[in-house]
Each structure stands twice: as structure tokens, then as C-alpha cells.
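Each chain, letter by letter, is given below.
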Amino acid sequence: MVVVTSNGMSSSQLLGEVSELTKNMSTAVIVTTASNPLGGDNDLPRLKLELEKLYLKVDWFDFDRDTPDRLLQYDVVEMSGGDPFYLRESIHKANAESLLRAVADNRILIGVSAGAIVQQKDMSLLARFSQETKRKPTGTLMGIGIVNHEIMPHYKQFCERFFDFEERIRQYEVETGKMVIRLNDGDGRLISKESLL
């Protein structure tokens with residue numbers, strides 16, 4: 001099962017839906033690779049608290065330091081937000097793509113912002129907004145390919161900050177034939193195993 005979110009399980013509705021999935025689970029881990037703890041917007045304590053509300057014991061993991069096989073010890077793996085291009089590169093260096101697909105198939109994989117974006121087939125849409133979002137593409141624009149959806153988290157905030165944001169997303173949809181799921185903070189989508197690629 002995959003859960004893609006804009007900013008975690010910050011709405012009671014989304015938290016409630018995920019709690020139905022985690023009733024018989026006890027452990028979770030937050031992948032911190034994409035986050036910048038030195039930045040001003042560190043959401044890691046809040047993400048930990050959300051998982052603890054599901055009665056899960058929470059650990060931390062970083063693709064840059066930890067062995068990817070360790071993720072298989074947990075019922076829930078949540079990849080935090082931050083820089084999706086850096087996160088994608090770290091996952092590739094750790095050769096962890098197939099392991100994350102196994103997590104999505106057999107456990108619960110939650111993506112928060114960048115952690116959701118890397119799960120799609122490619123990150124070309126976000127790369128078009130790299131100037132506005134200050135997320136510079138590095139390495140490949142290919143995502144992991146776990147879900148067949150294009151995701152734009154923090155949609156409302158971006159529309160308020162950047163001129164013609166929605167028009168540019170619509171243009172991308174027309175050019176590529178892809179549908180973009182626009183997620184506001186508090187929003188998320190549960191994607192069942194049958195819907196995964």
C-alpha cells in the first residue's frame with residue numbers, strides 16, 4: 001500500500017484512514033534523507049508525532065548512512081519531504097529502488113512531498129518549476145516508478161506564490177497526456193497494491 005501526501009498526515013481524516021491500515025502494525029521508520037534539519041522548516045518532529053498517534057514505535061533512517069535492507073524491519077516506511085532530486089539520487093546510489101517497491105507491495109510506504117514525488121515515474125514536472133521551488137535537478141529526472149501518478153504537493157501555496165502556476169501544470173498535462181494530482185497540505189491519496197505499476 002502506498003500513501004502519497006502533501007505534508008504528511010496533518011488532517012484528522014487522512015490520519016484516520018491510515019489508522020485503519022495500521023491496526024495490526026507496531027513499527028515505523030522515517031527516511032530523513034531529503035530533509036534539511038538545519039533549515040527553518042523541519043517537519044520531522046511533527047511526522048514522528050503523527051506516526052506515534054497510530055501507536056507505532058518510530059525510528060529514523062538515512063539512505064546516505066544506513067543499509068537499505070534495514071527498512072524491511074518496519075511495518076511502515078515514511079519518506080519525508082525536502083529535496084526530491086537529492087532523495088532520488090541517494091536512493092539510486094544505495095541501489096534501493098527494488099527494495100522500496102517491495103515495501104510498497106508488502107508493507108505501507110508513505111511519501112511526504114518529496115517522498116511522494118520520487119515514487120512516480122519521472123520528476124519532469126517539478127523540474128519545470130525548479131527556479132520557483134529552489135529545487136535544482138541533479139542527476140536523472142526519472143522517479144522510482146512505484147506509482148503511475150504525477151503529484152504536485154503544496155498546490156495552493158504554490159498557486160499563491162507563483163504567477164500562472166496552474167496554467168503551466170495544465171500545459172504539462174496537455175503536452176504529456178498525464179494527469180497531475182494536485183495535493184494541498186492535509187491532502188493525501190491511498191493507492192492500493194492493485195493500482196501500483
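Computed from a prediction, not measured in an experiment: that's the story for all the values here.

Because the α-helix completes a turn every 3.6 residues, residues three or four places apart line up on one side. For helix 2 (residues 44–52), every residue scored as buried is listed here: Leu44, Leu47, Glu50 and Leu51. Take helix 2 and look down its axis: the buried residues cluster within an arc of 120 degrees, on one side only. In this structure, the buried residues of helix 2 make contact with helix 1 (12–21), strand 2 (27–31), strand 3 (57–61), strand 4 (76–79) and strand 5 (108–112).

Of the residues making up helix 4 (residues 97–106), those classed as buried are Glu97, Leu99, Leu100, Val103 and Ala104. Each buried residue of helix 4 sits inside an arc of 165 degrees when the element is viewed along its axis, so together they form one side. In helix 4, the exposed residues that point more than 90 degrees away from the buried face are Ser98 and Asn106. Summarising the contacts, the buried residues of helix 4 are in contact with strand 1 (2–5), strand 4, helix 3 (84–93) and strand 5.

Attention now goes to the sheet that holds strand 1. Sheet strands pair via backbone hydrogen bonds, and the direction of the pair is either parallel or antiparallel. The strand order across the open sheet formed by 6 strands is 3-2-4-5-1-8, and the pairing between neighbours is mixed. Strand pairing shows two members of the sheet lacking a second neighbour, strand 3 and strand 8 (188–191), which therefore form its edges. When strand polarity is set aside, the average angle formed by the axes of neighbouring strands in this sheet is 20 degrees. Relative to strand 8, strand 1 runs antiparallel, the two sharing 4 bridges.

This part takes up unusual backbone geometry. Phi angles above zero are rare outside glycine, and Asn95 is one such case at about 55 degrees. Inspection of the secondary structure assignment puts Asn95 in the loop between helix 3 and helix 4. Take Asn95: its relative accessible area is 60%, and that puts it in the exposed class. Backbone geometry at Asp164 places phi at a positive 55 degrees, although glycine is not the residue there.

On to the nonpolar core, then. Nonpolar side chains tend toward joint burial in soluble globular proteins. Ranked by size, the top nonpolar core spans 34 residues in total, and within it Phe63, Leu71, Met79, Ile91, Leu100 and Leu109 carry the most contacts. In terms of residue count, helix 4 provides more of this core than any other element does, 4 residues in total. Membership of the second largest hydrophobic core comes to 17 residues, among which are Val18, Ile30, Leu54 and Ile110.

By the secondary structure assignment, Thr32 is in the loop between strand 2 and helix 2. Residue classification places Thr32 among the buried positions, given a relative accessible area of 13%. The residues contacting Thr32, other than those within four sequence positions of it, are Leu44, Trp60, Phe61, Asp62 and Ser80.

What counts, and at which threshold
Residues numbered from 1 in each chain as written. Predicted model: local features only at pLDDT ≥ 70, side-chain atom pairs only at ≥ 80, totals over all residues. Heavy atoms only, no water. Buried < 20%, exposed > 50% of the residue type's maximum accessible area, 1.4 Å probe, protein only. Helix = DSSP H or I, 4+ residues; strand = E, 2+ residues; numbered from the N terminus. Arc of directions from axis to C-beta. Contact = heavy atoms within 4.5 Å. Pairing = 2+ DSSP bridges. Axes fitted to C-alpha atoms, helices over the stretch in contact; angles between N-to-C directions. Core = buried A, V, L, I, M, F, W, Y, C linked by side-chain atoms within 4.5 Å.

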